[in-house]
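Inside the fold
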Amino acid sequence: MRAPVTSPALNWLLARAREPELRHLAATARPPQRRSRRQWFARTARVVEPLSALPAVTIRHAFPDDALALWRLAALDSREAPAQPALVAEVDGELRAALSLRDGRVIADPFHGTQALVDLLQARAAQLTAVDARLVEAPGRRLAGRALRLREGS
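Predicted model, so just to flag it, every value in this text is computed and none were measured.

What follows concerns the overall build of the chain. A tally of regular secondary structure across the chain gives 4 helices and 4 strands. The secondary structure elements of the chain, listed N-terminal to C-terminal, are α-α-β-α-β-β-β-α. Across the 154 residues of the chain, 25% fall into the buried class. Sequence separation of at least 24 residues holds for 56% of the intrachain contacts in the chain that already meet a minimum separation of 6.

With respect to the helices and strands, the residue Asp103 is situated in the loop between strand E3 (94–100) and strand E4 (106–108). Residues Asp103 and Ala86 lie 17 residues apart in sequence; the distance between their C-alpha atoms is 9.5 Å. Within the local environment of Asp103, its side chain forms a polar contact with the side chain of Ser100, the two groups lying 2.9 Å apart. Of note is the side chain of Asp103, whose polar atom sits 3.1 Å from the side chain of Arg105.

Mapped onto the elements, Thr114 comes out in the loop between E4 and helix H4 (115–153). Beyond its immediate sequence surroundings of up to four residues, Thr114 is in contact with Arg96, Ala108 and Asp109.

Turning to the pattern of salt bridges, a few remarks are in order. Under the definition given, this model contains 7 salt bridges. For the salt bridge of Glu90 with Arg60, the shortest nitrogen-to-oxygen distance reads 2.7 Å. One end of the pair, Glu90, is in strand E2 (residues 86–91); the other, Arg60, is in strand E1 (residues 57–61), and 30 residues separate them in sequence. Arg60 carries the same exposure label as Glu90, and that label is buried. Between Arg105 and Asp103 there is a salt bridge, and its shortest N-O distance comes to 3.1 Å. On the basis of relative accessibility, which here comes to 34%, the residue Arg105 falls in the partly exposed class. Classification of Asp103 as partly exposed rests on a relative accessible area of 44%. It is possible to trace a salt-bridge network through shared partners that takes in Arg60, Asp66 and Glu90.

Cut-offs used in this document
Residues numbered from 1 in each chain as written. Predicted model: local features only at pLDDT ≥ 70, side-chain atom pairs only at ≥ 80, totals over all residues. Heavy atoms only, no water. Helix = DSSP H or I, 4+ residues; strand = E, 2+ residues; numbered from the N terminus. Buried < 20%, exposed > 50% of the residue type's maximum accessible area, 1.4 Å probe, protein only. Contact = heavy atoms within 4.5 Å. Polar contact = N/O pair within 3.5 Å; in protein donor to acceptor, adjacent residues only side chain to side chain. Salt bridge = Lys/Arg side-chain N within 4 Å of Asp/Glu carboxyl O.

Pasting the structure below:
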């Protein structure tokens with residue numbers, strides 16, 4: 001079993017996706033009229049689904065053994081499988097969405113709500129491309145700095 005990939009930014013996106021639901025639950029839990037504190041605390045508590053009961057979401061790179069699952073997902077979405085390299089979103093071990101890092105095409109399971117998963121995939125792709133851009137820029141800066149130091153020293 002693969003270890004799940006976690007990131008503070010992905011956790012933030014998940015929290016942002018859940019925020020409207022929690023705000024709605026908080027708004028509906030308020031009493032319609034003014035009550036005393038004793039009445040407020042004596043009311044029956046509403047059951048809110050704990051975060052541990054939510055399905056586990058894993059964002060990871062696609063592996064060669066994911067080809068069949070990607071093909072199935074593409075068939076469900078009536079599109080072609082995304083070009084490799086790709087990122088995939090798994091919910092409880094089942095592929096629900098995929099994003100090509102080469103051309104940005106997305107496929108998703110139309111029978112499940114996958115917009116939040118697609119947003120997570122796009123955020124992770126943006127993180128990866130930002131890191132790649134920094135790695136590409138860094139050697140050029142170092143070489144330019146060396147050239148300037150050599151010119152100043154001579």
